[in-house]
Amino acid sequence: MTTTYQSLAFEEAGGVLTVSLVGPGKGNAMGPEFWDELPVAMDELERMPEVRCIVIRGSGDHFSYGLDVARMLPRIASMASGSTLAGERRKLMAQIRFMQSGFLKMHQSPKPVIAAVHGWCIGGGLNMIAAADIRLCSRDAKFSLREAKLAITPDIGGLQFLPHIIGQGFTREMAFTGGDYDAAFAGRIGLVNHVYDTPDALFEAAATLARQIADNPAPAVQGAKEVLNYGFGKDIDDGMQYVAVWNSSQMQSVDFGEAMQATLERRKAEFNKKTNRGY
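All of these numbers come straight from a predicted model, not from anything done at the bench.

Draft legend 1. Fine view of the overall build of the protein. Helix and strand counts for the protein stand at ten helices and nine strands. Scaling as 2.2 N^0.38, a compact globule of 279 residues should have a C-alpha radius of gyration of about 19 Å, and the protein matches this with 20 Å. On the principal axes, the C-alpha backbone points of the protein span a range of 70 × 45 × 40 Å. Counting all 279 residues of the protein, 47% fall into the buried class. Counting only contacts in the protein whose residues sit at least 6 apart along the sequence, the fraction spanning at least 24 positions is 71%. Summed over all atoms, the accessible surface of the protein reaches about 14000 Å², with 56% contributed by carbon and sulfur.

Quick look at the structure:
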């Protein structure tokens, strides 16, 4: 990474980039630095072909306490200082849309994103992991879509992503109550794929899973994500037409030719690790 970040730390190894939330707010609370930096970081990641999978985790004892209300309040209040109601609303809407952009970039990124959750994952933290492709957690993890207790509606992606992950019923329960839910509940409803005994076991499992993904040819993995994202809200035939168009191009790739040849020769394929494309 060429940019200096205050709220995010990065470590790359063998095509896997681990992104750690580092505050500066308590419990990795999401303050001005986070909201400003995440969209920039996602754009920078798109220009790094050597990165083939991303793991997002928290530092310290928690994933994130969510919105840093104390540190964000001055910014939000300043947005509401216009002389007209229409002006105030436009400023606040623009701020919300900007805050949404980092999570939307995560969702739209061709690179798979794994969220590894330990400790508290509240509000903005839960909205964030909902934008990831795969979620894992440790037994000490606790989840809360707490915006209702702050007299607002979750507005940075959770209500759009979660119904596709856990269904309408559980999304509505979490959003309407603003309650706290443990790792067992998260595993039962499919919010997370797997629950691990300790944070260390969680991080090790996340790294192993990311390595398995990164070892596959990037065009195939990224193609699967592209097709899955395209299918949101569309009928089956539309999605099948889209993947047919996608694969008619992908089957001309260098990696596909190598996979077929390796199969015939009964050996492990050697895929192109220097590019995301493999064409």
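Draft legend 2. Quick look at the pairing of strand β6 (residues 134-138). For β6, the tally of buried residues reaches five of five residues, placing the bulk of the element in the interior. Both faces of β6 are covered, namely the face carrying Ile134, Leu136 and Ser138 and the face carrying Arg135 and Cys137. In terms of strand pairing, strand β4 (residues 113-117) meets β6 through four bridges, oriented parallel. Considered in β6, the bridge of Ala115 is made with Arg135. Taken together, the three bridges between β6 and strand β9 (residues 194-196) define a ladder with parallel strand orientation.

Draft legend 3. Molecular detail of the environment of His118. Secondary-structure assignment places His118 in the loop between β4 and β5 (120-122). Residue class for His118 comes out buried when judged on its relative accessible area of 3%. If we ignore the near neighbours within four places in the chain, the residues touching His118 are Gly58, Gly60, Asp61, His62, Phe63, Ser138, Asp140, Ala141, Pro199, Leu202 and Phe203. Side-chain polar atoms of His118 contact the backbone oxygen of Gly60, separated by 2.8 Å.

Draft legend 4. Looking closely at the nonpolar core. Core analysis: the largest hydrophobic core is formed by 48 residues, its most contacted members being Phe34, Phe103, Met106, Met128, Phe143, Met174 and Leu191. If you list the elements that add at least two residues to this core, you get β2 (16-21), α1 (32-46), β3 (53-58), α3 (85-108), β4, α4 (124-130), α5 (158-177) and α6 (183-189). Broken down by element, this core gets its largest block of residues, six residues, from α1. Leaving out residues up to four positions away in the same chain, Met174 has contacts with Leu126, Phe143, Leu145, Ile166, Gly179, Tyr181, Phe185 and Ile189. Formed by 14 residues, the second largest nonpolar core is a distinct cluster that contains Ala116, Leu136, Leu202 and Ile213.

Draft legend 5. Summary view of helix α7 (residues 199-214). For α7, spanning 16 residues, the distance from its first C-alpha to its last is 22 Å, which sits close to the expected 22 Å at 1.5 Å a residue. When we look at burial in α7, the residues that qualify are Leu202, Phe203, Ala205, Ala206, Ala210, Ile213 and Ala214. Looking at the buried residues of α7, the elements they touch are β2, β3, β4, β6, β9 and α8 (218-230).

Draft legend 6. Inspection of unusual backbone geometry at higher detail. The residue after Gly23, namely Pro24, is reached through a cis peptide bond having omega 10°. Counting through the fold element by element, Pro24 comes out in the loop between β2 and α1. In this structure, Asn28 is a non-glycine residue whose phi angle is positive, near 55°. Here Asn28 lies in the loop between β2 and α1. The class of Asn28 is buried, set by a relative accessible area of 7%. For Ala151, which is not glycine, the phi dihedral falls at a positive 65°. Inspection of the secondary structure assignment puts Ala151 in the loop between β7 (142-144) and α5. Residue Ala151 is classed as exposed on the basis of its relative accessible area, which comes to 73%.

Rules and cut-offs
Residues numbered from 1 in each chain as written. Predicted model: local features only at pLDDT ≥ 70, side-chain atom pairs only at ≥ 80, totals over all residues. Heavy atoms only, no water. Helix = DSSP H or I, 4+ residues; strand = E, 2+ residues; numbered from the N terminus. Rg over C-alpha atoms; globule rule 2.2 N^0.38 Å. Buried < 20%, exposed > 50% of the residue type's maximum accessible area, 1.4 Å probe, protein only. Contact = heavy atoms within 4.5 Å. Areas by Shrake-Rupley, 256 points an atom, 1.4 Å probe, with all protein chains shown as cover. Pairing = 2+ DSSP bridges. Polar contact = N/O pair within 3.5 Å; in protein donor to acceptor, adjacent residues only side chain to side chain. Core = buried A, V, L, I, M, F, W, Y, C linked by side-chain atoms within 4.5 Å. Expected span 1.5 Å × (residues − 1).

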